[in-house]
Amino acid sequence: MATRTRIVSTGMYVPSRVVTNRDLEELMDTSDEWIQQRSGIKERRWVSPGETTRGMAASASRQALERGKLKADDIDMIIFGALITDYIFPGTGVLLQRELGFSKPVPALDIRNQCSGFVYALSVADAWIRSGQYKRILIVGSEIHSTSLDLTTRGRDVSVLFGDGAGAMIVEACDEKTPHILDSCLHSEGKFADALTVIKPSANDFPRLSENTKFDTSIYPHMEGKLVFKNAVTRMCEVMTELLDRNHLRASDLNFVVAHQANMRINQMVLGELGIPFEKTHHTLDRYGNTTMATIPITFDEAVQLGKIKRGDLVAFVAFGAGFTWGANLLRY
Ligand code: UT7
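Predicted, not measured: the structure shown is a model, and the values here were computed from it.

1. A few points about the pattern of salt bridges
It is possible for side chains bearing opposite charge to pair when their charged atoms get close. Counted under the stated rule, the structure contains 20 salt bridges. Notably, a salt bridge pairs R54 with E99, separated by 3.6 Å at the nearest N-O pair. Taken together, the positions of R54 in helix 3 (residues 53-67) and E99 in helix 4 (residues 92-100) put the pair 45 residues apart, joining distant regions of the chain. The salt bridge partner of R287 is D286, with a shortest N-O separation of 3.5 Å. Because the salt bridges share partners, they merge into one network encompassing E189, K191, R235 and E238.

Structure representation (structure tokens):
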């Protein structure tokens, strides 16, 4: 019987520091009303000094391990993703491995696929498990955005959107009769790479950093908001249709959709276009903002803990982000 991949357990971590829209009004020319109307965000979590990407990743991972009644050494592969990492190198995957105290030298793969990172990572984990290469994989997205945002009025279009947090998922080999991951569709379009970026510090600068380096706005995220918005709606609809069509399913067959949390209006349009009722989804955007690679595992984790997603449900994950990159996974939970 063919090997398939099932979700064992999930975990999440968000910093305790709550930053409301009103708090942002103190820092820049914005308003609670604008942020809520344009994005759906009410508050987000930002780290305090001492919190790290790897530390948040470890907390989310420990919760997933505990819920799965597993120890670190029961994992035989780590896939880690973040937009901005603890070190320039090595990747945070090995730092997470160190934090979790593995006694075996399990491989750690770092991926960089921004808001689509989790759907990419799940697809990779599923392929490895189906090939027989690994049996149990820990996938973690952990993101600290708050320390690299332009918190002046100049950066307000981007800075109000992002939050910090981590999400973890453990997947393992199973047989075909057990509910499992069914399919993944992944895409990218590099011609839009400059539409959502943080450019500096860059390897292309001579020297990369010196005492004369002048920091301009290229150290902050830059986003062509309307272009990203339009492409997010189009591509998320498109990839969901591709995924459903090639599995001979209709949108109404899905029990639940976990969509990336960048903007409530994006998700309303995508779900509306696909004809998926709002009761079949869950949002964390209002409370955590856009936590990029961590968003899908955090939102899935919450929906499972709240009993909105049950074992046996047919679930889709769909995401769009910088690159542009986008993708979707279909699974029987
Ligand atoms: O996860 C990665 C993917 N990211 C996304 O999917 C984000 C996609 N983009 C968006 O979510 C939206 O484009 C934004 C929320 C970023 C912006 O919403 P918008 O409806 O496209 O607004 P806009 O950029 O057209 O700006 C409208 C106005 C502008 O003022 P003027 O030129 O009309 O006078 C902006 O300067 O709103 C102003 N504005 C703000 N006002 C108050 C921009 N940011 C803010 C702000 N507070 N934070």
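Further notes follow.
2. Considerations on the environment of F192
For F192, the position within the fold is in the loop between strand 8 (181-188) and strand 9 (196-197). The sequence separation of F192 and L100 amounts to 92 residues, and the corresponding C-alpha distance is 37 Å. Not counting chain neighbours up to four residues away, the residues in contact with F192 comprise L227, N231, G323 and F324.

3. Structural notes on the domain arrangement of the protein
One frequent convention defines the size of an interface as the accessible area lost when the parts assemble. Its domain assignment divides the protein into domain 1 (3-175) and domain 2 (181-332). With 54 residues of domain 1 at the contact, the number on the domain 2 side is 45 residues. Here domain 1 and domain 2 share an interface that buries about 4,100 Å² over both sides, 63% of which is from carbon and sulfur atoms. For the salt bridge of D301 with R67, the shortest nitrogen-to-oxygen distance reads 2.6 Å. On inspection of domain 1 and its partner domain 2, the count reaches 22 residue pairs in polar contact (both at pLDDT 80 or more). Counting only elements with at least two residues in the side of domain 1 that touches domain 2, the list comes to strand 1 (3-13), helix 2 (32-39), strand 3 (43-45), helix 5 (117-131), strand 6 (136-143), helix 6 (156-159) and strand 7 (165-175). Among the elements that take part in the side of domain 1 that touches domain 2, helix 5 stands out by supplying eight residues, more than any other.

4. What about the sheet that holds strand 8?
With mixed pairing, four strands are arranged side by side in an open sheet as 8-13-12-11. With partners counted over all chains shown, the strands left at the sheet margins are strand 8 and strand 11 (256-259), one partner each. Each adjacent strand pair in this sheet contributes to an overall mean axis angle of 10°, direction not counted. Relative to strand 13 (residues 325-332), strand 12 (residues 314-321) is paired through eight bridges, and the arrangement is antiparallel. Across the sheet, residue F317 finds its bridge partner in strand 13, namely N329.

5. Some thoughts on the packing of helix 3 against helix 4
Contact geometry of helix 3 with helix 4 gives a least axis separation of 9 Å together with a crossing angle of 55°. Overall, the two elements helix 3 and helix 4 adopt an arrangement that is oblique. As for the relative orientation of helix 3 and helix 4, their crossing is right-handed in sense. Only T92, L95, L96, R98, E99 and L100 of helix 4 make contact with helix 3, whose side of the interface consists of T53, R54, G55, A57, A58, S61 and R62. Tallied by class, the residues present in the contact of helix 3 with helix 4 amount to five nonpolar, four polar and four charged.

Cut-offs used in this document
Residues numbered from 1 in each chain as written. Predicted model: local features only at pLDDT ≥ 70, side-chain atom pairs only at ≥ 80, totals over all residues. Heavy atoms only, no water. Salt bridge = Lys/Arg side-chain N within 4 Å of Asp/Glu carboxyl O. Helix = DSSP H or I, 4+ residues; strand = E, 2+ residues; numbered from the N terminus. Contact = heavy atoms within 4.5 Å. Domains from an automatic or database assignment. Buried area = accessible area lost by both parts, 1.4 Å probe. Polar contact = N/O pair within 3.5 Å; in protein donor to acceptor, adjacent residues only side chain to side chain. Pairing = 2+ DSSP bridges. Axes fitted to C-alpha atoms, helices over the stretch in contact; angles between N-to-C directions. Parallel < 35°, antiparallel > 145°, perpendicular 65-115°, else oblique. Left-handed = near helix turned anticlockwise from the far one by under 90°. Nonpolar A, V, L, I, M, F, W, Y, C, P; charged D, E, K, R; others polar.

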